[in-house]
Amino acid sequence: MDFAQYKEAFIKEARKIGYSLPNIQRCLDYAEVLFSHDVPVIYNPTHLSAHVGYKKEYLKKASIFPRYFYRDFEITKKNGTKRLISEPLPSLKEIQIWILKNILYKAPISPFAKAYRPNVTLLENLRFHKNQPKVFTLDLEHFFPSITIEAVEKEFHQLGYSKMVSRLLSKLCTRDKTLPQGAPTSPYLSNLIFKDADAAIAAYCKEQKIRYTRYADDMSFSGDFDENKLLLKVTEIVEKLNLRINKNKTKLMTSNTRQAVTGIVVNEKPQVVFHKRNELRQAMYYIKKFGFEEHREYREINQKNYLEHLLGKINFVLQINPKDTEFIGYKSILIDLKKKHDLKALEDELLPI
C-alpha cells in the first residue's frame, strides 16, 4: 500500500468514527513522514500492540519493569573474564525481532559498519585490509552498556515517530537504560547510533588515505599513516558518544608481523589464525587415528554437541578461505560421522522397549 491508498482508506474510516478534519490532517501528516521512511505507522501504544500481537498491558509492563523480562547468564571471554548476557524472554524477544525487521532494518547505517548487517559476511570487513603496510586495531570499551536509552529514543524519533511512541519503543529495546547484551535489537541499534561517528572517522581517514572499517566494537585501520595522530582523532570522536577506547586492546601490526583483523590474518590472504587452525588439526588427527568417541573419552570432552561444535569451527575456516583443501577434507569426514550418528540415534529411537 502506498501513501495515496493509505490516505484514502484512513479518511474513509476516520470520518465513520467522527474524526474532525484538523485531526485527520494531523494524523496524515504524521503518517506521511513514516511512509517516507518505509516504516509502519504507529500512533500510540494500542496501535503498537495490534502490530506486534501483544496486549497493551504487556507492553506497558515490559517497558516499566524490564528486569523481569530478561534471563541473565555469563559467558567466558577469550581473556578469561566474564561477560554478562541479558537474554529477553521469548515474548519480549518476539516483539524486539518485530521492531528489528519492520523498523530498524529500514534505517540505513554507515557503509563502514560491517557487522550485524543482513547478507553481509565477515569477509566484507577483511578485504579492505589485505596486504597493507600497517594494520591498526582499536576496541570500544563496554560498547553496548555505554549506549543510553536517550540515544535509542532519538533514533526512533528521527524516523518520524512521536515522542510517546519513540519512548515506548526505546524502553522495549533497553534494560537499565542501556542496550542489553543479548537483545536482538541491540546490535543494529549500535550501528545506527554510531553512524555519525563512522562518518566522521571515515572522512578523516579519506583525507589521510587510510582504510577504515568497523566490526561491532572492533575498529580496523590500514595503510601508511601516523597511528598516534589517528588514535587522538578517533578518541576525540568516540568520546562525544560517551564511548572510550580500550587502551589494553590497541594494536599496531606492521607488514613483517602477523596482521589480524577480528581474529583473521590478512597479510596476504584472509586466514583464521594459526593456533585456532592447529587446534582443529590436532582434534581431527586423533579422530581419524582413534575414532570420534575414543577421542572424546580420552580428552574427557562431555560437550553433547561436540561434533556440531567442531563442524561449525571448520565451516568458519572455510567461510574465510573456501578453497582450503585440508579443511574441506575435515568437513567431509565430520559430515559422514554426523550422518552415522544421526542414523544410529534414529535406530535407537525406533527400537522396541
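Residues numbered from 1 in each chain as written. Predicted model: local features only at pLDDT ≥ 70, side-chain atom pairs only at ≥ 80, totals over all residues. Heavy atoms only, no water.

Asker: Honestly, the pattern of salt bridges in this entry has me stumped. Any pointers?
Answerer: When charged atoms on two side chains of opposite charge get close, those side chains can pair. What the rule picks out here adds up to twelve salt bridges. Salt-bridge contacts for K16 lead to E13; the nearest nitrogen and oxygen are separated by 3.5 Å. One end of the pair is K16 and the other is E13, both in helix α1 (residues 3–16) and three residues apart, which spans about a single turn. Of the residues examined, K16 reaches a relative accessible area of 60% and is grouped as exposed. Across the pair K338 and E308 runs a salt bridge whose closest N-O atoms are separated by 3.9 Å. (Salt bridge = Lys/Arg side-chain N within 4 Å of Asp/Glu carboxyl O. Helix = DSSP H or I, 4+ residues; strand = E, 2+ residues; numbered from the N terminus. Buried < 20%, exposed > 50% of the residue type's maximum accessible area, 1.4 Å probe, protein only.)

Asker: Teacher, can you tell me more about the packing of aromatic side chains here?
Answerer: For the coordinates displayed, the defined rule picks out 21 aromatic pairs. Residues Y6 and F10 carry aromatic rings whose centres are separated by 5.9 Å and whose planes lie at 20° to one another, so their mutual orientation is stacked. Of this pair, Y6 and F10 both sit in helix α1, four residues apart, which is roughly one turn of that helix. Assigned by exposure class, Y6 and F10 land together as buried. Between F10 and Y19 the ring centres are 6.5 Å apart and the planes differ by 80°, which places this aromatic pair in the edge-to-face class. The class of F10 is buried, set by a relative accessible area of 15%. Take Y19: its relative accessible area is 40%, and that puts it in the partly exposed class. (Phe/Tyr/Trp six-rings, centres within 6.5 Å; stacked < 30°, edge-to-face > 60°.)

Asker: Would you mind showing me how to read the domain arrangement of the protein here?
Answerer: Often, the extent of an interface is quoted as the loss of accessible area on bringing the components together. Domain annotation of the protein identifies domain 1 (1–37), domain 2 (70–265) and domain 3 (273–345). A straight line from the C-alpha centre of domain 1 to that of domain 2 covers 37 Å. Of the roughly 430 Å² buried between domain 1 and domain 2 on both sides combined, carbon and sulfur atoms contribute 59%. Of all residues in domain 1, Y30, L34 and H37 bury the most surface against domain 2, accounting for 92% of the area lost on that side. Counting the contacts that link domain 1 with domain 2 gives zero salt bridges. At the junction of domain 1 and domain 2, the tally comes to two residue pairs in polar contact (both at pLDDT 80 or more). Within the side of domain 1 that touches domain 2, the residues separate by chemical class into three nonpolar, one polar and no charged. (Domains from an automatic or database assignment. Buried area = accessible area lost by both parts, 1.4 Å probe. Polar contact = N/O pair within 3.5 Å; in protein donor to acceptor, adjacent residues only side chain to side chain. Nonpolar A, V, L, I, M, F, W, Y, C, P; charged D, E, K, R; others polar.)

Asker: What is the right way to read the environment of D226 from this model?
Answerer: With respect to the helices and strands, D226 occurs in the loop between β5 (218–223) and α11 (227–239). Using a relative accessible area of 38% as the deciding quantity, one classes D226 as partly exposed. Within the local environment of D226, its side chain forms a polar contact with the backbone nitrogen of N228, the two atoms lying 2.9 Å apart. For D226, the side chain forms a polar contact with the main-chain nitrogen of K229, separated by 3.3 Å.

Asker: Could you clarify how one ought to interpret the side chain of S63 in this entry?
Answerer: Looking at the element boundaries, S63 is found in helix α4 (residues 56–64). The class of S63 is buried, set by a relative accessible area of 11%. Polar contacts involving the side chain of S63 include one to the main-chain carbonyl oxygen of K60, which spans 2.8 Å. Residues contacting S63, with those up to four places away along its chain left out, are L168, K171 and L172. (Contact = heavy atoms within 4.5 Å.)

Asker: What is the right way to read the nonpolar core from this model?
Answerer: Among soluble globular proteins, nonpolar side chains are generally buried collectively. Counting 68 residues, the largest nonpolar core has I99, I103, Y161, F194, I201, M219 and F221 as the members making the most contacts within it. When residues in this core are grouped by element, the largest group, six residues, is from helix α2 (residues 21–36). Residue contributions to this core reach at least three from each of two domains, namely domain 1 (1–37) and domain 2 (70–265). Other than its neighbours up to four places away in sequence, F194 contacts L140, F143, I201, Y212, R214, M219, V238, L241 and L243. (Core = buried A, V, L, I, M, F, W, Y, C linked by side-chain atoms within 4.5 Å.)

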